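Below are the chains, spelled out letter by letter.
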Amino acid sequence: QVQLVESGGGLVQAGGSLRLSCAASGRFFRINAMGWSRQAPGKQRELVATITSSGITNYADSKKGRFTISRENGKNTVYLQMNSLEPEDTAVYYCNAEAKSAPWGSWNNYWGQGTQVTVSS
């Protein structure tokens, strides 16, 4: 089992920045891809960015240039640096990780509980 704990959310004015963190803990053999998604009120959850264990990143088109995903494999932690925030970025941000509990096990996807980001105009 993998537990993911997000932190770093909060209230920020438009144009400001926030850095989200997500630390994975528990009993697992390996973590592969990690990522961030978000869900605004009344909307479906949408992908923000992902990063593989080797550092290959992928962003939703609308997030390129303002958001940067990174990770520290030794700490099993993924980050999301968000700059030039807009009110439309207001959402609950969720971290996820693809992990297996044993070398012969299957890959499973785990989610954190989410952290609220609110951008005021």
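See the structure above.
Residues numbered from 1 in each chain as written. Predicted model: local features only at pLDDT ≥ 70, side-chain atom pairs only at ≥ 80, totals over all residues. Heavy atoms only, no water.

Caption draft 1: View of the overall build of the chain. A count of helical and extended segments in the chain gives zero helices and eleven strands. Listing every helix and strand of the chain by position from the N terminus yields β-β-β-β-β-β-β-β-β-β-β. Buried residues in the chain amount to 41% of all 121 residues. Accessible area of the chain: about 6,500 Å², with a carbon and sulfur share of 47%. The chain carries 12 positive and 8 negative side-chain charges, and their two centres are separated by 8 Å. (Helix = DSSP H or I, 4+ residues; strand = E, 2+ residues; numbered from the N terminus. Buried < 20%, exposed > 50% of the residue type's maximum accessible area, 1.4 Å probe, protein only. Areas by Shrake-Rupley, 256 points an atom, 1.4 Å probe, with all protein chains shown as cover. Lys, Arg positive; Asp, Glu negative; His and termini not counted. Charge placed at Lys NZ, Arg CZ, Asp CG, Glu CD.)

Caption draft 2: Spatial organisation of the pattern of salt bridges. Enumeration according to the criterion identifies four salt bridges in this entry. A salt bridge links Asp89 to Arg66; the shortest N-O distance between them is 2.8 Å. Residue Asp89 is located in the loop between β8 (77-82) and β9 (91-100), and its partner Arg66 is located in the loop between β6 (57-59) and β7 (67-72); the two are separated by 23 residues in the primary sequence. For Arg66, a relative accessible area of 15% translates into the label buried. Connected through shared salt-bridge partners, Arg38, Glu46, Arg66 and Asp89 make up one network. (Salt bridge = Lys/Arg side-chain N within 4 Å of Asp/Glu carboxyl O.)

Caption draft 3: Expanded view of the sheet that holds strand β3 (residues 18-26). Here four strands make up an open sheet; going across it, the order is β1-β3-β8-β7 and the pairing antiparallel. With one partner strand each, in any of the chains shown, β1 (2-7) and β7 form the two edges of the open sheet. When the angles between neighbouring strand axes are averaged without regard to direction, this sheet yields 15°. Of the pairings in the sheet, the one linking β1 to β3 comprises six bridges and is antiparallel in character. Pairing of Ser7 across the sheet is with Ser21, part of β3. (Pairing = 2+ DSSP bridges. Axes fitted to C-alpha atoms, helices over the stretch in contact; angles between N-to-C directions.)

Caption draft 4: Structural detail: the nonpolar core. Among the nonpolar cores identified, the biggest contains 29 residues, and Leu4, Trp36, Leu80, Met82 and Tyr93 are the most heavily contacted of them. Contributing elements (two or more residues each) for this core: β1, β3, β4 (30-39), β5 (46-51), β7, β8, β9 and β11 (115-120). Here this core gets five residues from one element, more than from any other, and that element is β9. (Core = buried A, V, L, I, M, F, W, Y, C linked by side-chain atoms within 4.5 Å.)

Caption draft 5: Structural context of the packing of aromatic side chains. Scanning all chains against the criterion turns up zero aromatic pairs. The side chain of Arg45 reaches across the aromatic face of Tyr94, ending 3.7 Å from its centre. In this structure, Arg45 is placed above the aromatic ring of Trp111, and the distance from its NZ or CZ to the ring centre is 4.7 Å. (Phe/Tyr/Trp six-rings, centres within 6.5 Å; stacked < 30°, edge-to-face > 60°. Lys NZ or Arg CZ within 6 Å of the ring centre and 35° of its normal.)

Caption draft 6: Expanded view of the side chain of Thr115. Relative to the elements of secondary structure, Thr115 occurs in strand β11. Here the side chain of Thr115 touches Gly9 through a polar contact of 3.3 Å, landing on its backbone nitrogen. Filtering out sequence-adjacent residues up to four positions away, Thr115 remains in contact with Glu6, Ser7, Gly9, Leu20, Ala91, Val92 and Tyr93. (Polar contact = N/O pair within 3.5 Å; in protein donor to acceptor, adjacent residues only side chain to side chain. Contact = heavy atoms within 4.5 Å.)

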